[in-house]
Amino acid sequence: MGDKKIVLGVLAHVDAGKTTLAEEILYRSGMIRTRGRVDHKDAFLDTDRQERERGITIFAKQAGFTWRDMEVTLLDTPGHVDFAAEMERTLQVLDYAVLIISATDGVQGHTLTLWKLLERYQVPVFLFINKMDQPETDADALLAELKKSLDERCVSFVCPKDGEPDDFYENIAVCDDRLLEQYLYREEQSGRQEDNPPVSEQEIADLISGRKLFPCFFGSALKGEGVEELLEGLYHYTRMPSYPEIFGARVFKISRDAQGVRLTHVKITGGSLKVKQMIRAAKRQGDQITEEASYTEEKVDQIRLYSGEKYTVEQEVRAGSICALAGPAHTFCGQGIGAEKTNTVTVLEPVMTYRIVLPPGSDVHSMYNMLCQLEEEEPQLHIVWKEQIGEIHAQLMGEVQIEILRNLIQERFGTAVDFDEGSIVYKETIADVVEGVGHFEPLRHYAEVHLILEPGERGSGLQFYSRCSEDKLDRNWQRLILTHLEEKEHLGVLAGAPITDMRITLAAGKAHVKHTEGGDFRQATYRALRQGLCQARSILLEPVYAFRIEVPMDLIGRVMTDMQTRAGRFDSPQTEGEHAVLVGTVPVSKMGGYQAKLLAYSGGKGRLTTAFTGYEPCHNTEEVIEEIGYEAEHDVENPCGSVFCAHGAGFVVEWNRVQEYMHLEPVLADGWKLQDGTLYGADVDLNSQGKEEAGSFAAHYARRAGSARMSTAEDFIGQEEIEEIFNRTYGSRERKKQGWARTIRVEADSDTKYKGEKTPQEEYLLVDGYNIIFAWEELRELAKVSLDGARGRLMDILSNYQAYRRMHLILVFDAYKVKGNPGSVVRYHNIDVVYTKEAETADQYIEKAAHRMNRQYRVRVATSDGLEQLIIMGAGAVRVSANELREEVLAASAQLRQLYLENGESETGNRNYLLDGISEETAAYLEQSVYGNQQEK
């Protein structure tokens, strides 16, 4: 094989081992004596200080090496997505590329981006699957993933085992129809011979160069495994491109050396280039590139061939060489020189805009000119001068690039700048109460987390609480979960914007004694939050300005029209002397450039003042969501599903099926059952620990006093009546899964508005007995003397109240502290009284009952327990505080007294019949006289 020269690029997702492979290749070829390592900060190609400090490649670097008689120019490109534009411009000058896939990570999102870019620029690709020394890596499984995610024509080039070479060549032959026919014909005619393989080396090389075949090599760059096989594959299956005799070159990078000399990095694509030669290229005019009308001619003063930090000076370079030219001052990335055509259209563009904040006293115009030098060096950096406001804005790829740019400005120009947010930052919140469940259980790991998500006050931000019992989950795990909730910015599911104005409460959790680690709860917590957001009705929020516009009277109509077209809201204009003043609010996104417009049409007489006033529901949610195109279910960095384990392997469950697999009982769900004549709930202890936070869930049972009485045999009712109450209370319909409602706009909700009611329904009132006793002063005083007496008085009051309201009333008392208590349901006149079983609270009973009953009946729950109010709202019931119930009772008492008098009875004093209690005979009389023969249920 004759001498050949190729330009080889190394590409990968960040942390896939790209620089490590480049170091190993240079070492194996004899270019360097010792291998450098990223973690040791001595990599040969990471020459910049920031690269070594951060352990990432920021700038594309080159190095030359020889393998046998093949000369290779190796280009190491950045792997971080923020510097993907630096990588993209390098693709234009590559003959071949090595795409590195991490065996532990597989095909990543950025890997697919690289693959599409390689396809766009038609670069032949060799694949190197790195980190195969890691445990549990499977070459066959990885190859199958490559075939599925990248291309079916990915073929393993690992040396075939004895007896299997036919499969190797057959896999290659099927990549091309013509070659497959020839392969089958050769096999039929003569069979395979050792010295005459059915597919020749030249045919394989042609398939690779035509992007019809993608060889795959497996190994470990860190340990040097598989690297020589890759180099041998490159040697045998690459071909040097043919170049024309006419000189041509393509610019792919602009840089400056330590002395400030401007360097133009090019690939010679035809002919040759000598020192002092004049080069002719298209000139850039603003943002336009002209090929015919305007050209520039510049002289090449020096030609450098770089290898790492060092370079050699050459007098002449021929086609296929990568070199740096000193002398040209008007070159730019993508420019064609000589016979080469200019191409500056790229796929990757900056996605964020920031305002550059200069130190006080800085010359903004001088800084703008200096930043333009960086712009020509950094293709992903766009410097924009805002003439109207005198600001410099930078369009960047991401946050990491901001830090790099800040350091570059400091080092290059000695100025410490900062970056302010200049783009619109959307946020998200929710409109209802949901329970999010996250489970993380790959093999030998375990964690499950249940979070209650509640909408908060606008502008309240995120608040985190815990109401999980330490009997169920150790305090240290609970603290860790809260830490994970607070440690990062969580994204919503509509547009991937940060969430805000929510109260997130740890309701339940579970750990494994042996297998749970701290990282497990991080995963479970993140997944629980995302799963809850997927269930909730989400609202997209946008920043809003409070504005004040002052204009001459004859222009106020135009100002009002302008604000209306900008989705603004305002009051009637006011008059101040000869001017009219308009005050209101308007989305920040709609006010760009309005200051200049106002000054223009008002002749400088208009005045606009704005102030940020917070976030409000977005005025064009559908448009923003469509523009952003965020898909929560495909966000690999913020997964919505959970990981469960079965048969020794983990598997992913989508968010809408997590509750079918979770191990703990849901907190805001059903799960009750009838057994042995007693109502039982899910065994979930929601007992709060410690003092409650202001405005958070109220602590459970803080107002409970004493123990409930044991029910006697006479108090129990028969099996048929219990089943009747059970069916009447819970119904028999199966629970339906709720989908993810991507809400656009949400109407104002009232606490007293019954959710989901379509037709008039029977009404049920669930009363938390002890909560009401200790909330009403007269009953609380009575409880100090006799708790049993207070219970009896409340039962009488509610019995009379039910006679007037004609609803189904269930009064629930805690008996969870009574050891061995099986629980009971008794009939007291016209109401049902429930005594919960051991280890079961009234809160639990009410939560479960409200959730079930709400599907068939109108449900109201009377309690002043903040936690319980929150949960019953999530179940769709209407909450009634203890004070509100007292007011209803007093009102009913007045009406009942009036009806009592109208039926001929005399009033004996100013009595409150419901609060004082009346006899059974009187209650029966009232029911007969007022409602007729009403039958009890």
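As the structure is a computational prediction, the values presented were derived from the model and not from experiment.

(A) Fine view of the overall build of the chain. Secondary structure summary: the chain contains 26 helices and 43 strands in total. Across the 937 residues in the chain, those meeting the buried criterion constitute 51%. Counted over contacts in the chain with a minimum sequence separation of 6, partners at least 24 positions apart contribute 72%. With the model as given, the accessible surface of the chain reaches about 43,500 Å², and the carbon-plus-sulfur share is 45%.

(B) Looking closely at helix H15 (residues 594-601). Along H15, the positions that sit buried rather than exposed are Tyr594, Leu598 and Tyr601. Seen end-on, H15 carries its buried residues on one side only, within an arc spanning 80°. Remark: glycine 603 follows H15 within two positions and exhibits a positive phi of approximately 65°.

(C) Broad picture of the confidence of the model for the chain. On average, residues of the chain carry a pLDDT of 76, and 74% of them reach 70 or more. Below pLDDT 50 for its whole length, residues 285-293 participates in 14 contacts with residues either more than four positions away or in separate chains. Scored below 50 in pLDDT, residues 906-937 shows 60 contacts in the model against residues more than four places distant or in partner chains.

(D) Examining the side chain of threonine 90 more closely. Examined against the element boundaries, threonine 90 turns out to sit in helix H3 (residues 84-91). Accessibility expressed as a relative area gives 1% for threonine 90, which makes it buried. Contacts of threonine 90, omitting those with residues within four sequence positions, involve Ala60, Leu75, Thr77 and Phe252.

(E) Seen up close, the nonpolar core. In this structure, Leu21, Phe126, Phe157, Ile172 and Leu213 are the most contacted members of the largest nonpolar core, which totals 44 residues. Broken down by element, this core gets its largest block of residues, 6 residues, from helix H9 (residues 227-237). Isoleucine 172 has contacts with Val155, Phe157, Leu179, Val199, Ile204, Leu207 and Leu213, leaving out every residue within four places of it along the chain. Residues Leu91, Leu94, Cys216 and Ile322 belong to the second largest nonpolar core, which totals 32 residues.

(F) Quick look at the sheet that holds strand E41 (residues 831-835). If you walk across this open sheet you meet the 6 strands as E40-E41-E39-E38-E42-E43, and the pairing is mixed. Here the strands that pair on one side only, and so sit at the sheet edges, are strand E40 (824-828) and strand E43 (878-880). Adjacent strand axes in the sheet meet at a mean angle of 25° when their direction is disregarded. Contacting strand E38 (763-768), strand E39 (808-813), E41 and strand E42 (858-862), helix H22 (residues 842-853) runs over the sheet at an angle of about 165° to E38.

(G) Structural detail: the environment of lysine 61. Mapped onto the elements, lysine 61 comes out in strand E2 (residues 61-67). Taking the relative accessible area as the measure of exposure, lysine 61 reaches 11% and is therefore buried. Taking the C-alpha atoms as reference, lysine 61 lies 6.8 Å from threonine 77; in sequence the two are 16 residues apart.

(H) The pattern of salt bridges, seen in detail. Evaluated as defined, the whole model comprises 29 salt bridges. Of the charged contacts, one joins aspartate 501 and arginine 458 as a salt bridge, the two residues approaching to 3.7 Å between their closest N and O atoms. With aspartate 501 in the loop between helix H12 (475-486) and strand E28 (502-511) and arginine 458 in the loop between strand E26 (447-455) and strand E27 (462-466), this residue pair connects regions lying 43 residues apart in the sequence. Residue classification places arginine 458 among the partly exposed residues on the basis of a relative accessible area of 42%. Arginine 475 is paired through a salt bridge with glutamate 470; the nearest N and O atoms lie 2.6 Å apart. Residue arginine 475 is classed as partly exposed on the basis of its relative accessible area, which comes to 42%. Judged by its relative accessible area of 29%, glutamate 470 is partly exposed. Several salt bridges share partner residues, and in doing so they unite Glu763, Arg858, Arg860 and Glu888 into one network.

(I) Region of the structure containing the environment of glutamate 840. Relative to the helices and strands, glutamate 840 is located in the loop between E41 and H22. Sequence-wise, glutamate 840 and glycine 823 are 17 residues apart; in three dimensions their C-alpha atoms are separated by 8.9 Å.

(J) Region of the structure containing the sheet that holds strand E6 (residues 154-156). Taken together, the 7 strands give an open sheet; going across it, the order is E2-E3-E1-E4-E5-E7-E6, and neighbouring strands pair in mixed fashion. The open sheet has two free edges, formed respectively by E2 and E6, since each of these has just one partner strand. The mean inter-strand angle of the sheet, taken between neighbouring strand axes irrespective of direction, is 30°. Here 3 bridges tie E6 to strand E7 (residues 214-218), and the two strands are oriented parallel to one another. When the sheet's bridge partners are listed, serine 156 is paired in E7 with cysteine 216. Strands in contact with H9 are strand E1 (4-12), E2, strand E3 (70-76), strand E4 (96-102), strand E5 (125-130) and E7; relative to E5, the strand with the most contacts, it is inclined by about 175°.

(K) Broad picture of the pairing of E28. With 8 of 10 residues buried, E28 lies mostly within the body of the structure. When E26 meets E28, the two strands line up antiparallel, connected through 9 bridges. Looking at the pairing, isoleucine 452 lines up with threonine 505 of E28. As paired strands, E27 and E28 are joined by 5 bridges and run parallel to one another. Across the sheet, glutamine 463 pairs through a bridge with arginine 503, a residue of E28. Handedness of the crossover is the feature at issue here: the chain leaves E27, passes through H12, returns alongside E28, and the resulting connection is left-handed.

(L) Spatial organisation of the pairing of E40. Looking at chain direction, E40 and E41 are connected through 5 bridges and run antiparallel. The partner of tyrosine 828 across the bridge, within E41, is isoleucine 831. Linking E40 back to E41 in an antiparallel pair, the connection comprises 2 residues, with histidine 829 at a positive phi of about 55°.

(M) The arrangement of the state of the cysteines in detail. Under the criterion given, the structure shown has 0 disulfides. Between cysteine 640, a cysteine without a disulfide, and cysteine 534, which holds the nearest cysteine sulfur, the sulfur-to-sulfur distance is 3.5 Å. For cysteine 640, a relative accessible area of 5% translates into the label buried.

(N) Representation of unusual backbone geometry. The phi dihedral of arginine 68 is positive, around 55°, even though this residue is not glycine. Mapped onto the elements, arginine 68 comes out in the loop between E2 and E3. For glutamate 136, which is not glycine, the phi torsion reads 65° and is therefore positive.

(O) Spotlight on H12. The terminal C-alpha atoms of H12 lie 17 Å apart, and with 12 residues this matches the ideal 16 Å at 1.5 Å per residue to within 8%. Restricting attention to buried positions, one finds in H12 the residues Gln478, Ile481, Leu482, His484 and Leu485. Looking down the long axis of H12, one finds its buried residues gathered within 160° of arc, a one-sided arrangement. Turned more than 90 degrees away from the buried face of H12 sit Asn476 and Glu486, all of them exposed. Check the buried side of H12 and you find it contacts E26, E27, E28 and helix H13 (518-535). Between the side-chain oxygen of the N-cap and the backbone nitrogen of asparagine 476 there are 3.0 Å, and the N-cap of H12 in question is aspartate 474.

(P) Main features of the environment of glutamate 838. Relative to the assigned elements, glutamate 838 resides in the loop between E41 and H22. Considering only alpha carbons, one finds glutamate 838 and proline 822, 16 residues apart in sequence, at a separation of 6.4 Å.

(Q) Just the packing of aromatic side chains, in detail. Following the criterion strictly, the structure yields 15 aromatic pairs and no others. Pairing phenylalanine 157 with phenylalanine 217 gives two aromatic rings, centres 5.9 Å apart and planes at 50°, and the pair type is tilted. Taken as a pair, phenylalanine 157 in the loop between E6 and helix H6 (165-173) and phenylalanine 217 in strand E7 lie far apart in primary sequence, 60 residues in all. Here phenylalanine 157 matches phenylalanine 217 in class, with each residue buried. Against the face of tyrosine 235 rests lysine 4, its NZ or CZ located 5.6 Å from the ring centre. We note arginine 120 situated over the ring of tyrosine 121; from NZ or CZ to the ring centre the distance is 4.9 Å.

Definitions and limits used
- Numbering of residues starts from 1 in every chain and runs along the sequence as written.
- In view of the model being predicted, local features appear only for residues whose pLDDT reaches at least 70, and side-chain atom pairs are presented and counted only at 80 or more, with totals across whole chains, interfaces and linings using the full set of residues.
- The side-chain quantities take in all heavy atoms of the structure and omit both hydrogens and water.
- Where helices and strands are cited, they refer to DSSP runs of H or I of at least four residues and of E of at least two residues respectively, numbered from the N terminus.
- For the exposure calls, accessible area comes from a 1.4 Å probe over protein chains only, and a residue counts as buried if that area is under 20% of its type's maximum, exposed if over 50%, partly exposed in between.
- In what follows, a contact means two residues having at least one pair of non-hydrogen atoms within 4.5 Å.
- Per-residue accessibility takes into account occlusion by the displayed protein chains alone, with areas from the Shrake-Rupley method and a 1.4 Å probe.
- Throughout, the arc means the angular range of directions from the helix axis out to the C-beta atoms.
- Note on scores: pLDDT gives the predictor's confidence for each residue, bounded by 0 and 100.
- To form a nonpolar core, buried Ala, Val, Leu, Ile, Met, Phe, Trp, Tyr and Cys residues must be joined to one another through side-chain atoms within 4.5 Å.
- Here a strand pair is declared whenever DSSP counts at least two bridges between the two strands.
- In this analysis, axes come from line fits to C-alpha atoms, helices being fitted only over the stretch in contact, and the angle between any two N-to-C directions falls in the range 0 to 180 degrees.
- Any Lys or Arg side-chain nitrogen found within 4 Å of a carboxyl oxygen on Asp or Glu counts as a salt bridge.
- For crossovers, right-handed means that the path from the first strand over the helix to the second runs clockwise, given strands pointing away from the viewer.
- By definition, disulfides here are pairs of cysteine sulfur atoms that lie within 2.5 Å.
- Working rule for helices: expected span equals 1.5 Å times residues minus one.
- Pairs of N or O atoms are called polar contacts if they sit within 3.5 Å, as long as, within protein, a hydrogen donor faces a hydrogen acceptor (for residues adjacent in sequence, only side-chain-to-side-chain pairs).
- Only centres within 6.5 Å qualify two rings of Phe, Tyr or Trp (six-membered ring in Trp) as a pair; their planes then separate them into stacked at under 30 degrees, edge-to-face at over 60, and tilted for everything else.
- Geometrically, a charge over a ring is one whose NZ (Lys) or CZ (Arg) sits within 6 Å of the ring centre while staying within 35 degrees of the ring normal.

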